[in-house]
Amino acid sequence: MLKGKHFIEPHDFDLNELDSIFRLADKIIANPNDYLDVCKGKLLASLFFEPSTRTRFSFESAMLRLGGQIIGFDDPGNSSAAKGESFGDTIQTVGCYADIAIIRHPKEGTAKLATKYIEDMPIINAGDGGHQHPTQTLTDLLTIRNLKGSLSNHVVGLCGDLKFGRTVHSIVKALNRYSNVKFIFISPEELTIPQYIKDELSATSYTETSDLESVISQLDILYMTRVQRERFVSEFEYQRLKDYYILNKEKLQKAKKDMIIMHPLPRVNEIAKEVDQDKRAVYFKQAKFGMYVRMALIIKLLGLEG
Ligand code: CP
């Protein structure tokens, strides 16, 4: 039973619970009209202390497509946080009005902190600094499950900013729970994956390189990421690293015919536009799966299934 639970990181749910969310998402995809009124009378609070396109719009679309309604802000400057209200007071106040809340914040651990101020309103982490982005992971897992047929037995290349990319941290922890998943971490040495993520993996389940072209032929899934400008202390350092990887048609020549190219988006330069025409590029399908899986998550946490 997921009713009433918070969702702060992928490990908050066991594999059966995750699978139940994916199965519900599949049912919604097959028959969206059956779910038009499921959240009628329910209110989602959408609290974005940091910019977003996909996460905010997909959650808000999800709630509206389920017949629910939304309150919230996409700029804390328009809330009483701008007058000095504490985060805890903001969350307690939102809890007086809403049935469920999503929170994106630039500071690591903020969604977890919010759960200390609330007892009976599920809180969903919509991205906390460079830490975790668990609903992007639900999106990514549903995409892999539905386009590759299974979450097991894959070689997954993660490429780009693996240091600050919270979507990478979440998906690696999540995919590591499935059998026979091997990771190839592809990054410049300044942006390698944090040690605390590697500590959870067996030594034989991953390798590291800075050379995408030398490993691309091995991959079943290539997960590209943007260099996270907003997390850099030095603009000079960002400018130096931002175009380290640019995936284009030529580099894809050595890749498997059935490899899929994923990206949590937004992209900057790391995937050339010409790649969008390649049938292996699934990042916009991935963004759409994000809405369906968030519909399923909202239904589950509000206990409205069936
Ligand atoms: N993938 C993702 O989190 O995108 P947004 O920052 O646009 O929400």
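What counts and what doesn't
Residues numbered from 1 in each chain as written. Predicted model: local features only at pLDDT ≥ 70, side-chain atom pairs only at ≥ 80, totals over all residues. Heavy atoms only, no water. Near = heavy atom within 4 Å. Polar contact = N/O pair within 3.5 Å; in protein donor to acceptor, adjacent residues only side chain to side chain. Nonpolar A, V, L, I, M, F, W, Y, C, P; charged D, E, K, R; others polar. UniProt positions renumbered as here; feature names shortened; annotations may be inferred. Helix = DSSP H or I, 4+ residues; strand = E, 2+ residues; numbered from the N terminus. Pairing = 2+ DSSP bridges. Axes fitted to C-alpha atoms, helices over the stretch in contact; angles between N-to-C directions. Phe/Tyr/Trp six-rings, centres within 6.5 Å; stacked < 30°, edge-to-face > 60°. Buried < 20%, exposed > 50% of the residue type's maximum accessible area, 1.4 Å probe, protein only. Salt bridge = Lys/Arg side-chain N within 4 Å of Asp/Glu carboxyl O. Contact = heavy atoms within 4.5 Å.

Peer 1: Can you walk me through the site of the ligand in this structure?
Peer 2: Close contacts around the ligand come from Ser 52, Thr 53, Arg 54, Thr 55, Arg 104, His 133, Gln 136, Pro 264, Leu 265 and Pro 266, and that covers them all. Between the ligand and the protein, one listed contact pairs an oxygen atom with a side-chain N or O atom of Arg 104 at 2.9 Å. Between the ligand and the protein, one listed contact pairs a nitrogen atom with a backbone N or O atom of Leu 265 at 2.9 Å. The residue makeup of the shell around the ligand, split by class, is three nonpolar, five polar and two charged.

Peer 1: Is there a simple way to explain the UniProt feature "domain: Aspartate/ornithine carbamoyltransferase Asp/Orn-binding" (unreviewed entry) in the protein chain in this structure?
Peer 2: Mapped onto this numbering, the UniProt entry annotates "domain: Aspartate/ornithine carbamoyltransferase Asp/Orn-binding" (unreviewed entry) at residues 156–299. In this annotation, residues 156–299 is assigned 32% helix and 15% strand; the end-to-end C-alpha distance for the span is 30 Å.

Peer 1: Even after reading the chapter, I still don't get the sheet that holds strand β7 (residues 206–209), so can you show me in this structure?
Peer 2: Working definition: the strands of a sheet are paired by backbone hydrogen bonds and lie parallel or antiparallel to each other. The strand order across the open sheet formed by five strands is β7-β6-β5-β8-β9, and the pairing between neighbours is parallel. Lying at the two open borders of the sheet, with one neighbouring strand each, are β7 and β9 (260–262). Going from strand to strand, the sheet's axes swing by 20° on average, the running direction of each strand aside. Relative to strand β8 (residues 221–224), strand β5 (residues 154–159) is paired through four bridges, and the arrangement is parallel. Bridge pairing in β8 links Val 156 to Ile 221.

Peer 1: Any chance you could explain the packing of aromatic side chains here in plain terms?
Peer 2: Two aromatic rings, taken as a pair, are described by how far apart their centres are and by the angle between their planes. By the definition in use, this model includes nine aromatic pairs. Judged by centre distance (5.8 Å) and plane angle (75°), the rings of Phe 232 and Tyr 238 are edge-to-face. Note on accessibility: Phe 232 and Tyr 238 belong to one class, buried. Among the aromatic residues, those joined into a ring-pair cluster are Phe 49, Phe 73 and Phe 87.

Peer 1: What is the right way to look at the pattern of salt bridges in this model?
Peer 2: Here the idea is simple: oppositely charged side chains can pair when their charged atoms come close. Going through the model one piece at a time under the given rule, you end up with 22 salt bridges. With a closest N to O distance of 2.7 Å, Arg 229 and Glu 235 form a salt bridge. Arg 229 sits in the partly exposed class, given a relative accessible area of 41%. By relative accessible area, which is 37% here, Glu 235 ends up partly exposed. Linking Arg 240 and Glu 237 is a salt bridge whose minimum nitrogen-to-oxygen distance equals 2.9 Å. One end of the pair is Arg 240 and the other is Glu 237, both in helix α9 (residues 235–241) and three residues apart, which spans about a single turn. Residue class for Glu 237 comes out partly exposed when judged on its relative accessible area of 24%. Because the salt bridges share partners, they merge into one network encompassing Asp 19, Arg 23, Asp 26 and Arg 145.

Peer 1: Would you mind showing me how to read the UniProt feature "binding site: carbamoyl phosphate" (unreviewed entry) in the protein chain here?
Peer 2: Under the feature "binding site: carbamoyl phosphate" (unreviewed entry), the UniProt entry names Arg 54, Thr 55, Arg 104, His 133, Gln 136, Leu 265 and Pro 266. Tracing the backbone shows Arg 104 in strand β3 (residues 100–105). For Arg 104, a relative accessible area of 7% corresponds to the buried category. Residues in contact with Arg 104, not counting those within four places in the same chain, are Leu 47, Phe 48, Phe 49, Glu 50, Pro 51, Ser 52, Thr 55, Ala 126, Gly 127, His 133 and Arg 166. Side-chain polar atoms of Arg 104 contact the side chain of Thr 55, separated by 3.0 Å. Tracing the backbone shows His 133 in the loop between β4 (123–128) and α5 (134–148). On the basis of relative accessibility, which here comes to 3%, the residue His 133 falls in the buried class. The residues contacting His 133, other than those within four sequence positions of it, are Thr 55, Arg 104, Ala 126, Gly 127, Arg 166, Thr 167, Ser 170 and Arg 294.

Peer 1: Could you clarify how one ought to interpret unusual backbone geometry in this entry?
Peer 2: A negative phi holds for most residues other than glycine; trans holds for most peptide bonds. Residue Leu 265 is joined to Pro 266 through a cis peptide bond whose omega torsion reads 5°. Mapped onto the elements, Pro 266 comes out in the loop between β9 and α11 (283–302). One non-glycine residue, Asn 153, adopts positive backbone phi at about 60°. You can see Asn 153 is positioned in the loop between α5 and β5. Within the chain, Leu 265 stands out as a residue other than glycine whose phi angle is a positive 65°. Structurally, the position occupied by Leu 265 is in the loop between β9 and α11. You can call Leu 265 buried: its relative accessible area is 12%.

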